[in-house]
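Architecture and fold: a report
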Amino acid sequence: MILSMHITYGTTRAESEWSSGAKYAVIGLTLQSIKKYSGSKNGSSHLPAANVKSLGTLIYRACGACLIEVCKIPENLLLWTLVSVAKYRRMKYSNFTPALLYCSSMKLMVSPQMNPILKTSVTYSSPNPNSNYLKGHMLLSVLQSCSNISQVSQVHGHMVKTGFDSARFFLSKLLASSIKDVNYAASVFYSVQNPNLYMYNTMLRCYSVSDRPQEAFRLFGCLRASGSDLDQFSYITMIKSSARALAVGVGSSVHGAVLKSGFDLFVNVRNALMHFYCVCWEVVDAHQLFHELPERNDLVSWNTVMRGCLSVSKPQWVVDLFGRLLCADLRCNVNTVVNLLSAFGEMRNHYGGKTVHAYCIKIGVSLELEVVTALISMYGKTGYIDSGHRVFNEISVKDLIIWNCLIDAYAKNRNLKESLSLLRLMKLEGVKPNSSTVAGLLSASAGCEAGAIGQCVADFVEEEQLQLDSVGGTALLDMYSKCGSLEKAIDVFNAMESKDVQTWTAMISAYGAHGRAKTAVGLLYKMEEEGYQANEVTFLSVLSACSHGGLVEEGMNCIDRMVRLYGMEPQVEHYGCLIDLLGRAGFLGHALNFITSLPIVVDATVWRALLAACKLHGNVELAEQVKRILAERYDEHPTDSILLSNTYAMAGRLPYDNRSWQKIGEQTKLEEHRENKIENVVEEVGCSSI
């Protein structure tokens, strides 16, 4: 009767009405009732099945424990399982350590920090203290409840003490629980002699989600050399590691091994391969894999290819795939419409995005948070941000991501005041901002015309004591740099705990823009010393700094380093900076020879850089030659004529000083004919930010 009363109390009260004391009291009284009504000497419970399930419901509502897990175990283990699940999973006793569970005697030891009611009511002896089954079950329950690697290490120590570390099954579970710490997981794995396939797959999965995906390549080679039969999960984790490392060659080799082994028939393996090719920008190969599917009825495959098309800026392909998906009588899910909305946003197609919005309402997903975020982003990109704001107002529960999306959309539409208003409203509603909240605002306010707004955002960051990640920190230092506050940008850079390549590139660009070219070059070497790999944008920033600082030798070394050390092929932008560098330094002949000997076809920008250098040094003859090349190969542009005219002025001469008046007349007629022929050559209108 007492037990029924406790259970009824627990199952009738709403979870929101429970206080912490009420939860502990009901659990303690219920456990006392179990002990009272478990009268047999062997400790077996005589509770009716209905009461067992009601007790599980009680613990579920009080502590959030899983009812299914409770009902799967034998009744005489119900007490220990319920208490262990309640302790470790939901009650969040931060000072409680799993090692306090003394499995050798199977007595539940309660920490002094536990509630007194539980402490006095849950000490219950096992019916068979030497049962390995009971010990193992409790050990697994504790291991699965560990929330950090410190707790996992304590359970590991208990396993060593009690001898469970010699059992492969428990070692496999220990390895799976250590997956969040790649170093600890590796130490466990490599301490095992002759690990089985499950352990190999677990370690491969650990590397695939870590920052060291290349380690999986060597481990996969060891697995194949051991002669073990691989399964689909071995290939999937290896494909994911190749995608994370952007290792196209390795991933293609794994694809070949998949074809030989016959695992290409598994849909999840093909989806992993399609994702790999999409991430590595090999969307054509992903499309080919998709078309080779015998039955294209797996929605994950469709969504994977759609995301791949978006990653390589092919939004029209996404729209075409969606049409084919509807023809195949497949029902879309949230990921499908998110991909479609992103495609119409990239295409700046407001009508198409509005049509998809109506379709979302029709299929009942318009209020899903992911769809709402995609709708706001789409309306922002198409210029109808007011429609996005209406979508924002329609939902009752707004998470941080939706707030960030709307603030960023207003910032990208140059409505910074509204973004700041939303930032204040967000604070009033008790939503805690993060680094991404201010990153878009800082990027949009970078520049002297919006310096005051950028400073307001910076003050907000300092007031809220936001921990800026690499994205937010990069945006903040870039804003300070473009607003002329180099010293503040340096302070932000030095204070950042986590930096990435974009952060170093932004700082190099800041030094170059403020005339500190040598410091910019030195920062490139410091970046390499700290283990960061420069990319094409980094080298472009260094070359630009060298160009403005007149560092010819450093600029040539930068191009050589880019090709020889990094294996990168310079693009037109890099060669344009180098031509500008040579031209500014007065090496006009070398610059002309360099252009004619380039292995790629340059565009008009490179020739205009040389023409600007001719203006700087007053070299009229070379300027006229470059002007003729621009007129013959490219469309007329007013900049070319202006640069040539300024070159004459810089040289202190008129355009026709050394020509006869007859030639002047012929040239005038030729120019008039060219002006009549080319109607669209109009001088660009200048503007000022003041």
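Use the structure listed above.
From a predicted model like this one, the values you see are computed outputs, not experimental measurements. (Residues numbered from 1 in each chain as written. Predicted model: local features only at pLDDT ≥ 70, side-chain atom pairs only at ≥ 80, totals over all residues. Heavy atoms only, no water.)

What the protein contains, in helices and strands, is 38 helices and 0 strands. Looking at the 690 residues of the protein, the share that counts as buried comes to 47%. A fraction of 61% describes how many contacts in the protein between residues 6 or more apart in sequence connect residues 24 or more apart. Of the roughly 35300 Å² of accessible surface on the protein, 52% is carried by carbon and sulfur atoms. (Helix = DSSP H or I, 4+ residues; strand = E, 2+ residues; numbered from the N terminus. Buried < 20%, exposed > 50% of the residue type's maximum accessible area, 1.4 Å probe, protein only. Contact = heavy atoms within 4.5 Å. Areas by Shrake-Rupley, 256 points an atom, 1.4 Å probe, with all protein chains shown as cover.)

Attention now moves to the nonpolar core. Counting 179 residues, the largest nonpolar core has Met 203, Val 371, Met 507, Trp 607 and Leu 610 as its most contacted members. Here Trp 607 is in contact with Leu 592, Ile 595, Val 602, Val 626, Ile 629, Leu 630, Arg 633 and Tyr 634, once residues within four sequence places are set aside. (Core = buried A, V, L, I, M, F, W, Y, C linked by side-chain atoms within 4.5 Å.)

With 14 residues, helix H20 (residues 350-363) should cover 20 Å at 1.5 Å per step; its first-to-last C-alpha distance of 20 Å lies within 8% of that length. By the burial criterion, the buried members of H20 are His 350, Gly 352, Gly 353, Val 356, His 357, Cys 360 and Ile 363. Along the axis of H20, the buried residues cluster in a sector spanning 160 degrees; they form a single face. In H20, those exposed residues whose orientation departs by more than 90 degrees from the buried face are Tyr 351, Ile 361 and Lys 362. Its side-chain oxygen at 3.3 Å from the backbone nitrogen of Tyr 351, Asn 349 defines the N-terminal cap of H20. Gly 364 sits one or two positions beyond H20 and adopts a positive phi of about 80 degrees. (Expected span 1.5 Å × (residues − 1). Arc of directions from axis to C-beta. Polar contact = N/O pair within 3.5 Å; in protein donor to acceptor, adjacent residues only side chain to side chain.)

This brings us to the layout of surface pockets. Estimates place the volume of the second largest pocket at around 430 Å³. What lines the second largest pocket is a set of 20 residues, and nearest its centre among them are Leu 466, Leu 468, Leu 476, Val 492 and Ala 495. Elements represented by at least two residues in the lining of the second largest pocket include exactly helix H26 (451-464), helix H27 (470-482) and helix H28 (486-495). Sorting elements by how many residues they give to the lining of the second largest pocket places H26 first, with 5 residues. Residue composition of the lining of the second largest pocket, grouped by class: 9 nonpolar, 5 polar and 6 charged. (1 Å grid on protein atoms, 1.4 Å probe; cavity = no way out; pocket = protein on both sides within 12 Å on 5 of 7 lines; lining within 4 Å. Points joined across faces, edges and corners; volume = space filled by probe spheres on them. Nonpolar A, V, L, I, M, F, W, Y, C, P; charged D, E, K, R; others polar.)

Moving on, we come to the packing of helix H21 (residues 369-381) against helix H22 (residues 385-394). Running from amino to carboxyl end, H21 crosses H22 at an angle of 165 degrees, the nearest separation of the two axes being 7 Å. Considering their axes alone, H21 and H22 lie roughly antiparallel with respect to each other. The two elements H21 and H22 meet at a crossing, and its hand is left-handed. In this structure, H21 uses Val 372, Leu 375, Ile 376, Tyr 379 and Gly 380 to contact H22, whose residues at the interface are Ile 385, Ser 387, Gly 388, Val 391 and Phe 392. Here the contact of H21 with H22 is composed, by residue class, of 7 nonpolar, 3 polar and no charged. (Axes fitted to C-alpha atoms, helices over the stretch in contact; angles between N-to-C directions. Parallel < 35°, antiparallel > 145°, perpendicular 65-115°, else oblique. Left-handed = near helix turned anticlockwise from the far one by under 90°.)

Turning our eyes to something else, we now look at the packing of aromatic side chains. Using the criterion set out here, one finds 14 aromatic pairs in the structure. Both rings, one in Trp 504 and one in Tyr 532, keep their centres 5.6 Å apart while their planes meet at 45 degrees; by these two values the pair is tilted. Of this pair, Trp 504 sits in helix H29 (residues 501-513) while Tyr 532 sits in the loop between helix H30 (517-529) and helix H31 (536-549), and the two are 28 residues apart along the sequence. Taking relative accessible area as the criterion, Tyr 532 reaches 23% and is therefore assigned partly exposed. An aromatic cluster is built from Phe 220, Tyr 235, Phe 263 and Phe 266, whose rings are joined through pairwise contacts. Cation over ring: Lys 398 sits above Phe 392, and NZ or CZ is 5.1 Å from the ring centre. Lying over the aromatic face of Phe 493, Lys 499 brings its terminal NZ or CZ to 5.0 Å of the ring centre. (Phe/Tyr/Trp six-rings, centres within 6.5 Å; stacked < 30°, edge-to-face > 60°. Lys NZ or Arg CZ within 6 Å of the ring centre and 35° of its normal.)

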